[in-house]
Every structure is written in C-alpha cells, then in structure tokens.
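Analysis of the macromolecular model
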Amino acid sequence: MCTPPKTASNLSRRSLLQAGGTAAAAGLSAPAFAHDATPDFYQPTPVPVTDGYADLAPDEALALLEEGNNAFLSGRLPHPDLSADRRLELAQGQSPFVAYVTCSDSRVPPELLFGRGLGELFIIRNAGNTLNAVALGSVEYAVAELRVPLVVVMGHESCGAVKAAMSVVSENARFPGAIGQMVEPIIPAVLEARDAEGDPTEAAVRQNVRRQVSHLREGADPLMLEPQAAGTLKVVGAYYDFDEGRVDFFDRP
C-alpha cells in the first residue's frame, strides 16, 4: 500500500542474474559491498526489569530509542541477545519498554531502526498507522497489562495510505475492497494539513500522527489517561525519513 506499483521497466531478478553471469564470463571483477568489511557492532543498552516489567521512566525509554537510531544512522549493526537462553526467558513472559504504532510499510522495521531485540518492542502496525479498534485495544493492553512507560505513534516519508487519502480529497478517488475504509480515518488530517507549508504529503503524514497522539493523550480511556497524569507514561509522535534513516520525535508532551 505504501509502495508505488512496479513498472515493466524494473529489472527482474532473472535479468539481474543473467547480467551477473555475463559479467563473470567476461572476467569482470565483482563489486565490493559494504558487508565485505569488518562490521561495526552496536550493543544495545540492556533494559532493567523489575517484577516482570520494564523498569524505565518514559524519558529513559525514549532515550534508548534515540540511542539506537543514532547507531542505525552511523551504520553500526545491532547485536541484541538472540540466544536460546533469551528465547527461553521470553517464553515465560514479555516485558517490552515501548508500544510502537507504525505503518505496515516494509521499509519501516522498528527493531532495525532502533537496534532492539526480542521481547523489547510491542509493535502495532497497519497502513497509515491509525488507531482503529484493534490498534487502540493493543495499545491499551500494552499500557494496562504490560505496563510500558512509552507509546510512540510514527508516520513516515511518502506514505501510500496518506497519499490515497489525499487523492480522495483532491480527486474524489475511489478504491476497491476495504482500502477506502482503511484510508477514511486519515482524511481529517489531510484536510487539516492542506494549508501547511512545505511538502504536502509530509505535512499530512505529520498531522495524521498528531491526531492519533492527541487522542491517546486527551480522548482515550482512563487506563491511558491516568498513568499519563501520574507521569509513568508518555505518548510521543514521530516521523521517519527514508533518505536519512532518521526518526524525528517531533511531537512530545
């Protein structure tokens, strides 16, 4: 949904393999790839756990995400604990330190963007990162049952779901199946962002994030509002830039 359809001009895998075989036959040297070099690993900061729950303040949880994204930007490879012992530990229960609402787009993998491992991020994904009943209930579960100290809602550059909502507003576009129902909740953000400066898609993506964040801060169930009032939970809005790889936590309480 968030990626334009491929055209006939795209090279197929077969043609690429054929081209590689031709080059090898001609005695051409293979290109050097970055993974041939000795990688620079990033060891994520461990998350303290007390009584089965992540023992972090909201700002500490956010700092871990920023730390991991900085490592991602510098090309350092995450080296989280993926051992059998860790899997057995998680079989007894999970203790994530953030609930992360983001788009289904394949280019937006939170664990990689932040260098985190098994059992650390409670991720809720759908095209357009909206808070439908399933997504909202999942966030509330993470807060009420898993006691995460942080909720992040993240949109991203060139989101296809947002572009679809924009085409509904500007062109009265129609979509098959349930796609129209999926983008419908994004339309208010598109309308609110129409007069914003800069790139119109980015403005609509950011406004869509603001709307979801505002609901979680102001219009949600008391099980969301009470921990925020007590200072044990924060809800933050973010935007991911494909070109830079940077996550901008632009909407903070």
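Summarised in this report is the structure supplied together with it. Fair warning: this is a prediction, and the values are worked out from it, not measured in the lab.

Turning next to the overall build of the protein chain. The helix and strand inventory of the protein chain stands at 10 helices and 9 strands. Classification of the 253 residues of the protein chain by burial places 41% in the buried group. Contacts spanning at least 24 positions in sequence make up 71% of the contacts within the protein chain whose residues lie at least 6 apart. When the accessible surface of the protein chain is totalled, it reaches about 13900 Å², and 53% of it is carbon and sulfur.

What follows deals with the pairing of strand β8 (residues 234–240). Most of β8 is tucked away: 6 of the 7 residues are buried. Across 7 bridges, strand β7 (residues 150–156) lies against β8 in parallel orientation. Following the sheet pairing, Val 151 is matched in β8 by Val 235. Bridge count for β8 against strand β9 (residues 247–251) is 3 bridges, and the pairing is antiparallel. The partner of Tyr 239 across the bridge, within β9, is Asp 248. The loop that links β8 with its antiparallel partner β9 comprises 6 residues; one of these, Gly 245, has a positive phi angle of about 80°.

Here the focus is the sheet that holds β9. Pairing is mixed in the open sheet, where 5 strands are placed in the order β6-β5-β7-β8-β9. Each edge of the open sheet carries a strand with a single partner, namely β6 (121–125) and β9. The average undirected angle you get between the axes of adjacent strands in this sheet is 30°. Here helix α9 (residues 200–219) sits on the sheet in contact with β7, β8 and β9, set at roughly 170° to β8.

The description of an aromatic ring pair rests on the distance of the ring centres and on the angle between the ring planes. Summed over the entire model, instances satisfying the criterion amount to 4 aromatic pairs. Ring centres 5.4 Å apart and planes at 50° place the aromatic pair Tyr 100 and Phe 114 in the tilted group. Of this pair, Tyr 100 sits in strand β5 (residues 98–102) while Phe 114 sits in helix α4 (residues 110–114), and the two are 14 residues apart along the sequence. Each of the two residues, Tyr 100 as well as Phe 114, counts as buried. Taken together, a centroid distance of 5.6 Å and an interplanar angle of 85° make the contact between Tyr 240 and Phe 242 edge-to-face.

Attention now moves to helix α2 (residues 58–73). End to end, α2 covers 23 Å across 16 residues, agreeing with the expected 22 Å (1.5 Å per residue, within 8%). Residues of α2 that are buried include every one of Pro 58, Ala 61, Leu 62, Leu 64, Leu 65, Gly 68, Asn 69 and Ala 71, and no others. Looking one or two places after α2, you find Gly 75, whose phi comes out positive at around 80°.

Right, let's talk about unusual backbone geometry for a bit. In this model, Asn 129 sits at a positive phi of 40°, which is unusual for a non-glycine residue. Following the sequence through the fold, Asn 129 ends up in the loop between β6 and α5 (133–144). One non-glycine residue with positive phi stands out, namely Arg 147, at about 55°. Summarising the element assignment, Arg 147 is placed in the loop between α5 and β7.

Next up on the list: the pattern of salt bridges. For the coordinates displayed, the defined rule picks out 10 salt bridges. Between Glu 244 and Arg 246 there is a salt bridge whose closest N-O contact spans 3.7 Å. Residue class for Glu 244 comes out exposed when judged on its relative accessible area of 54%. Where salt bridges share partners, they join Glu 202, Arg 206 and Asp 248 into one cluster.

Turning our attention to the packing of α9 against helix α10 (residues 222–230). Axis separation between α9 and α10 bottoms out at 7 Å; the angle between their running directions is 80°. Relative to α10, the element α9 is oriented roughly perpendicular. Judged by residue contacts, Leu 216, Arg 217 and Glu 218 of α9 engage Met 224, Leu 225 and Gln 228 from α10. Looking at side-chain class alone, the contact of α9 with α10 contains 3 nonpolar, 1 polar and 2 charged residues.

This part covers the pairing of β5. Here β5 lies mainly inside the structure; 5 of its 5 residues are buried. On β5, burial covers both faces: Val 98, Tyr 100 and Thr 102 on one face and Ala 99 and Val 101 on the other are all buried. Pairing of β5 with β6 involves 5 bridges; the strand directions are parallel. Across the sheet, Tyr 100 pairs through a bridge with Ile 123, a residue of β6. Sheet topology note: the β5/β7 ladder contains 4 bridges and is parallel. Across the sheet, the residue bridging to Tyr 100 is Val 152, located in β7.

Procedures and definitions
- Residues numbered from 1 in each chain as written.
- Predicted model: local features only at pLDDT ≥ 70, side-chain atom pairs only at ≥ 80, totals over all residues.
- Heavy atoms only, no water.
- Helix = DSSP H or I, 4+ residues; strand = E, 2+ residues; numbered from the N terminus.
- Buried < 20%, exposed > 50% of the residue type's maximum accessible area, 1.4 Å probe, protein only.
- Contact = heavy atoms within 4.5 Å.
- Areas by Shrake-Rupley, 256 points an atom, 1.4 Å probe, with all protein chains shown as cover.
- Pairing = 2+ DSSP bridges.
- Axes fitted to C-alpha atoms, helices over the stretch in contact; angles between N-to-C directions.
- Phe/Tyr/Trp six-rings, centres within 6.5 Å; stacked < 30°, edge-to-face > 60°.
- Expected span 1.5 Å × (residues − 1).
- Salt bridge = Lys/Arg side-chain N within 4 Å of Asp/Glu carboxyl O.
- Parallel < 35°, antiparallel > 145°, perpendicular 65-115°, else oblique.
- Nonpolar A, V, L, I, M, F, W, Y, C, P; charged D, E, K, R; others polar.

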